[in-house]
There are 2 protein chains.
Amino acid sequence: MNTIDVALICKALSDSNRLQILQLLTEGELCACELLEHFKITQPTLSHHMRVLSECELIQNRKDGTKMFYSVNCETLTAFRNLIGELVCKK
Amino acid sequence: MNTIDVALICKALSDSNRLQILQLLTEGELCACELLEHFKITQPTLSHHMRVLSECELIQNRKDGTKMFYSVNCETLTAFRNLIGELVCKK
DNA sequence: CCTATACATAGATATATGTCAATATATAGG
DNA sequence: CCTATATATTGACATATATCTATGTATAGG
């Protein structure tokens, strides 16, 4: 993961709705309909946010019947967390 | 620091130039003219980026003669790093 | 089949953003 | 004072983004 990848993930997390979605998903898998209940946005807007989070590979999805279940992509999140963790103030 | 603050910092770091600026500044204080040498952008564009980084309090500045020296705001960076560090995949 | 549910896509709109050229401001040196 | 250097500000422009309404698609149940 390089600087551009990290910037892309930061962009995905630069919206507070998406940041909260990721926080919710770290607790476990949720379907779009469950996520939607937590926000004051419409279903298409949530769908847009899920796409943004998917495109930078922060989350993955699984279809079950009519429901789409989303979960954290642990590999990407861990790599991102580690790179941000290296931003240490050397004073 | 709440979710909105974290999202604001992520937005500041969603540009790869700004992310690299922060990385450079973690190594120590630099003036704008020194920072400018690292990028293929004009001076006004750099000035704009420094303002964005300043507005979310990721960096601070100090004037010395005609030069403006920038450095990391350790308190903000540490708080941000810790909050991102809490985004752990619970599988 | 028909309908309801869950989700995605398309299109529109207002706003934000990254960039530059041009200009303004401030300071140091002679 | 005048000039050079360093930086900030302004204004313009093209692009991206967050959001909505309307519509399409797929699946489950009767």
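Residues numbered from 1 in each chain as written. Chains lettered and ligands numbered in written order. Predicted model: local features only at pLDDT ≥ 70, side-chain atom pairs only at ≥ 80, totals over all residues. Heavy atoms only, no water.

**Some words on helix α5 (residues 74-85) of chain A**
Step number 1: Taking 1.5 Å as the rise per residue, α5 of chain A with 12 residues should run 16 Å; its terminal C-alpha atoms sit 16 Å apart, in good agreement.
Step number 2: Those residues of α5 of chain A that fall on the buried side of the exposure criterion are C74, T76, L77, F80, R81 and I84 of chain A. Down the axis of α5 of chain A, the buried set is contained in an arc of 165°. They therefore lie on one face.
Step number 3: Each element contacted by the buried residues of α5 of chain A is listed here: α1 (3-12), α2 (16-26) and β3 (67-72) of chain A together with α5 (74-85) of chain B. (Helix = DSSP H or I, 4+ residues; strand = E, 2+ residues; numbered from the N terminus. Expected span 1.5 Å × (residues − 1). Buried < 20%, exposed > 50% of the residue type's maximum accessible area, 1.4 Å probe, protein only. Arc of directions from axis to C-beta. Contact = heavy atoms within 4.5 Å.)

**Let's talk about the sheet that holds strand β3 (residues 67-72) of chain B**
Residue and element names in this part refer to chain B.
Step number 1: Across the sheet, three strands lie side by side as β1-β3-β2; this open sheet has antiparallel pairing. The sheet is open, and its two edges are formed by β1 (30-31) and β2 (59-64), each paired on a single side.
Step number 2: Relative to β3, β1 runs antiparallel, the two sharing two bridges. Within β3, the position partnered with L30 by the bridge is Y70. (Pairing = 2+ DSSP bridges.)

**Some words on the layout of surface pockets**
Step number 1: For the largest pocket, the calculated volume is near 180 Å³.
Step number 2: Lining the largest pocket are 13 residues, with Q23 and T26 of chain A together with L83, E86 and L87 of chain B positioned closest to its centre.
Step number 3: Elements with a minimum of two residues in the lining of the largest pocket: α2 of chain A together with α1 (3-12) and α5 of chain B.
Step number 4: Per-class residue counts for the lining of the largest pocket are six nonpolar, four polar and three charged. (1 Å grid on protein atoms, 1.4 Å probe; cavity = no way out; pocket = protein on both sides within 12 Å on 5 of 7 lines; lining within 4 Å. Points joined across faces, edges and corners; volume = space filled by probe spheres on them. Nonpolar A, V, L, I, M, F, W, Y, C, P; charged D, E, K, R; others polar.)

**A word on the interface of chain A and chain B**
Step number 1: Taken together, the contact pairs 29 residues of chain A with 29 residues of chain B.
Step number 2: Inspection of the region where chain A meets chain B yields two salt bridges.
Step number 3: Measuring nitrogen to oxygen at the nearest pair gives 2.8 Å for the salt bridge that ties E27 of chain B to K90 of chain A.
Step number 4: Secondary structure elements with two or more residues in the side of chain A that touches chain B: α1, α2 and α5 of chain A.
Step number 5: Class assignment of the residues belonging to the side of chain A that touches chain B gives a composition of 15 nonpolar, eight polar and six charged. (Salt bridge = Lys/Arg side-chain N within 4 Å of Asp/Glu carboxyl O.)

**A look at the pairing of β2 of chain B**
Residue and element names in this part refer to chain B.
Step number 1: In the sheet, β2 pairs with β3 via six bridges, with the strands oriented antiparallel. Its bridge partner lying in β3, Q60 is registered against S71.
Step number 2: Between the end of β2 and the start of β3, which pair antiparallel, lie two residues, with G65 showing a positive phi angle near 65°.

**Let's talk about the relation of the copies chain A and chain B**
Step number 1: For the pair chain A and chain B, the best superposition has an RMSD of 0.0 Å and corresponds to a rotation of 180° with a translation of 0.0 Å parallel to the axis. Within this description, the copies of the chain are treated as partners about a two-fold rotation axis. When each C-alpha of chain A is compared by its distance to the rotation axis, C10 of chain A comes out closest, at 2.4 Å. (Least-squares fit on C-alpha atoms with pLDDT ≥ 70 in both.)

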